[in-house]
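# Results of the structural survey
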Amino acid sequence: MTLQGLNGVIQVPGDKSISHRSVMFGSIAEGTTTISGFLPGDDCLSTISCFRKLGVEIEVVNEETVIVKGRGIQGLQEPTEVLDVGNSGTTIRLIMGILSNTAHHHTLIGDESIAKRPMKRVTDPLRSMGIQLDGREEGNFTPLSLRGGNVKGITYKSPVASAQVKSAILLAGLQAEGVTTVIEPEKSRDHTERMLEAFGVQVKEEGLSVSIEGGQTLTGTHIEVPGDISSAAFFLVAGSIISNSQIELKKVGMNPTRTGILDVLLNMGASIEEKNLKTDVAEPFADLVVKSAPLKGTEVGGDLIPRLIDEIPIIALAATQAQGTTVIKDAAELKVKETNRIDTVVNELNKMGANIEATEDGMIIHGGTPLHGASVNSHGDHRIGMMLAVASCIAEGETIIKNREAVSVSYPSFFAHLDKLKGSK
Ligand code: S3P
């Protein structure tokens, strides 16, 4: 049966980056933090599990409401078990900064994908601040061991635009002697800076540089997590490329360091309307209405990349349906995400009839290719699984997605939402 379009209203789940930080910062704050709109995805549950092992009392009142009884920055306990971050790069990298000033011993592990992801980008600068860190291949891969203490502020010029690197160093800087400054090549997402301010910490931003003075304390607060624009992206593209669609996405995070997907889709000719823009506890959000529209190819690169790095798989799918060629460049970071996303996007979409060439730092997508059903694989990568599910909606014939359950890392209700939109014309 051919699909009659996707129609209806949905609220995408809470932002993954903000949900992680709300539990982490709540744990090291003085007093209680209440979180609403929390993302109950596997990655954020890994963060809760790690902080519970560090002695923090965390109550999951219902899936989206969490109460964290902060222990203060010096109050975390020495864990009796290894800290297992599962599939979560944000958890492992930020927690290293948080644990930087305790003389306790910690062992950090994760799943098969985490074991392949580079950690030196964080362990090197943290070591230079005085933290004892080690791991496989000179501290580049898990399992990692960490013992903190006597952290000194640094000025660090990061070779990559990475919010995980920036955040880990700032969180160590929060506990360091003196001032810590991180300078990035391009601006990465700034949720750490915004949320630290909501917890009463002063952070100084000047262009591409962010500084923090050591010795500040966090005070528990209320965090309202907006919907994740990276999750909304799947429906922004689905609504654009599936004929006869109109989808309203409620309360989507509109932080300017994350809205590159909107810039690109609008530039490709998408019909997306923004309504009810508001700001709540430091983060802006709005409702987005997307309608089907013909798309044209585009070029994506430079300082736009950090603003849409997680959306590149779904942008690539949009580009297969656009008129003309789309070039994605300056995105070598894709190779060190949950999978090598240049390879997984190119291999899996080409199995469905797309015409995409991999390049060293991105891909070239020749548009206007009808897709056909195939047996494809998420390779355990949530964003590849969701992108393939959207691709299957426009493919002729049956598509089988192996490892589709990976979507629960960031969007456990994804297939339920997709079914709802399919049936609600
Ligand atoms: C994240 C930062 C990004 C992003 C990841 C979440 C964060 O990674 O890809 O999904 O929450 O800080 P990098 O900072 O390594 O680019």
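Residues numbered from 1 in each chain as written. Predicted model: local features only at pLDDT ≥ 70, side-chain atom pairs only at ≥ 80, totals over all residues. Heavy atoms only, no water.

### Topic: the environment of L317
One can find L317 in helix α10 (residues 312-320). Accessibility expressed as a relative area gives 0% for L317, which makes it buried. Once the C-alpha coordinates of L317 and S408 are considered, the two residues, 91 residues apart in sequence, prove to be 21 Å apart. Excluding anything up to four places from it in sequence, L317 contacts I241, L349, L371, M387, V390, A391 and I394. (Helix = DSSP H or I, 4+ residues; strand = E, 2+ residues; numbered from the N terminus. Buried < 20%, exposed > 50% of the residue type's maximum accessible area, 1.4 Å probe, protein only. Contact = heavy atoms within 4.5 Å.)

### Details of the site of the ligand
Neighbouring residues of the ligand: K16, S17, R21, T90, S162, A163, Q164, R189, I309, D310 and K337. A distance of 3.0 Å is found between an oxygen atom of the ligand and a side-chain nitrogen or oxygen belonging to S162. In the environment of the ligand, an oxygen atom lies 2.7 Å from a nitrogen or oxygen atom belonging to the side chain of K337. If the ligand stood free it would expose 380 Å²; the protein chains cover 94% of that surface. The leading source of residues in the shell around the ligand is helix α1 (residues 16-28), at three residues. (Near = heavy atom within 4 Å. Polar contact = N/O pair within 3.5 Å; in protein donor to acceptor, adjacent residues only side chain to side chain. Areas by Shrake-Rupley, 256 points an atom, 1.4 Å probe, with all protein chains shown as cover.)

### Let's talk about the sheet that holds strand β8 (residues 141-147)
The four strands are arranged β5-β6-β8-β7 in an open sheet whose pairing can be described as mixed. One side of each edge strand has no neighbouring strand; the edge strands of this open sheet are β5 (83-84) and β7 (132-135). Sheet topology note: the strand β6 (residues 105-109)/β8 ladder contains four bridges and is antiparallel. Following the sheet pairing, T107 is matched in β8 by S145. Packing of helix α3 (residues 89-98) onto the sheet brings it into contact with β5, β6, β7 and β8, and relative to β8 it is tilted by some 20°. (Pairing = 2+ DSSP bridges. Axes fitted to C-alpha atoms, helices over the stretch in contact; angles between N-to-C directions.)

### Section: the sheet that holds strand β2 (residues 30-36)
Within a beta sheet, neighbouring strands are joined by backbone hydrogen bonds and run either parallel or antiparallel to one another. Spatially, four strands are ordered β3-β4-β2-β13 in an open sheet, and the strand pairing comes out mixed. With partners counted over all chains shown, the strands left at the sheet margins are β3 (57-62) and β13 (222-224), one partner each. On average, each strand axis in the sheet is inclined to that of its neighbour by 15°, with strand direction left out of account. By the bridge criterion, seven bridges tie β2 to strand β4 (residues 65-71) in an arrangement that is antiparallel. In the sheet register, S36 faces β4, and the bridge partner there is T65. Running over the sheet, helix α2 (residues 42-53) touches β3 and β4 and is turned about 145° from β3.

### Let's talk about the UniProt feature "binding site: 3-phosphoshikimate" (unreviewed entry) in the chain
On the UniProt side, "binding site: 3-phosphoshikimate" (unreviewed entry) is annotated at positions that read K16, S17, R21, S162, Q164, D310 and K337 here. Inspection of the secondary structure puts R21 in helix α1. Residue class for R21 comes out buried when judged on its relative accessible area of 1%. For R21, the contacting residues outside a window of four places in its chain are G26, T90, L94, A163, S167, H191, T192 and M195. (UniProt positions renumbered as here; feature names shortened; annotations may be inferred.)

### Quick word on the side chain of S158
With respect to the helices and strands, the residue S158 is situated in the loop between β9 (155-157) and α6 (163-173). A distance of 2.7 Å separates a polar atom in the side chain of S158 from the backbone oxygen of V160. Not counting residues within four places of it along the chain, the set of residues in contact with S158 comprises V165, I183 and P185.

### Observations concerning the domain arrangement of the chain
Here the domain parsing of the chain yields domain 1 (16-209) and domain 2 (226-422). Taken together, the 23 residues of domain 1 in the interface contact 24 residues of domain 2. Between domain 1 and domain 2 the total buried area reaches about 2000 Å² when both faces are included, carbon and sulfur atoms providing 49% of it. A salt bridge links R117 to E338; the shortest N-O distance between them is 3.9 Å. Counting the contacts that link domain 1 with domain 2 gives 13 residue pairs in polar contact (both at pLDDT 80 or more). Of all the secondary structure elements, the ones that give two or more residues to the side of domain 1 that touches domain 2 are α1, α2 and α7 (191-198). Partitioned by chemical class, the residues of the side of domain 1 that touches domain 2 number seven nonpolar, six polar and ten charged. (Domains from an automatic or database assignment. Buried area = accessible area lost by both parts, 1.4 Å probe. Salt bridge = Lys/Arg side-chain N within 4 Å of Asp/Glu carboxyl O. Nonpolar A, V, L, I, M, F, W, Y, C, P; charged D, E, K, R; others polar.)

### Considering unusual backbone geometry
Generally, phi is negative for residues other than glycine and the peptide bonds are trans, each holding for most cases. Following T142, the chain continues to P143 via a peptide bond in cis, the omega torsion being -5°. Tracing the sequence through the fold places P143 in strand β8. Positive phi outside glycine occurs at E138, with the angle close to 55°. By the secondary structure assignment, E138 is in helix α5 (residues 136-139). Classification of E138 as exposed rests on a relative accessible area of 59%.

### Details of the pairing of strand β18 (residues 325-328)
Residue alternation in β18 divides its side chains into a buried set, T326 and I328, and an unburied set, T325 and V327. In terms of handedness, the path from strand β17 (residues 299-300) via α10 over to β18 forms a crossover that is right-handed. Here β18 pairs with strand β20 (residues 362-366) via four bridges, running antiparallel. Along β20, the bridge assignment pairs T325 with H366. (Right-handed = clockwise from strand over helix to strand, strands pointing away.)

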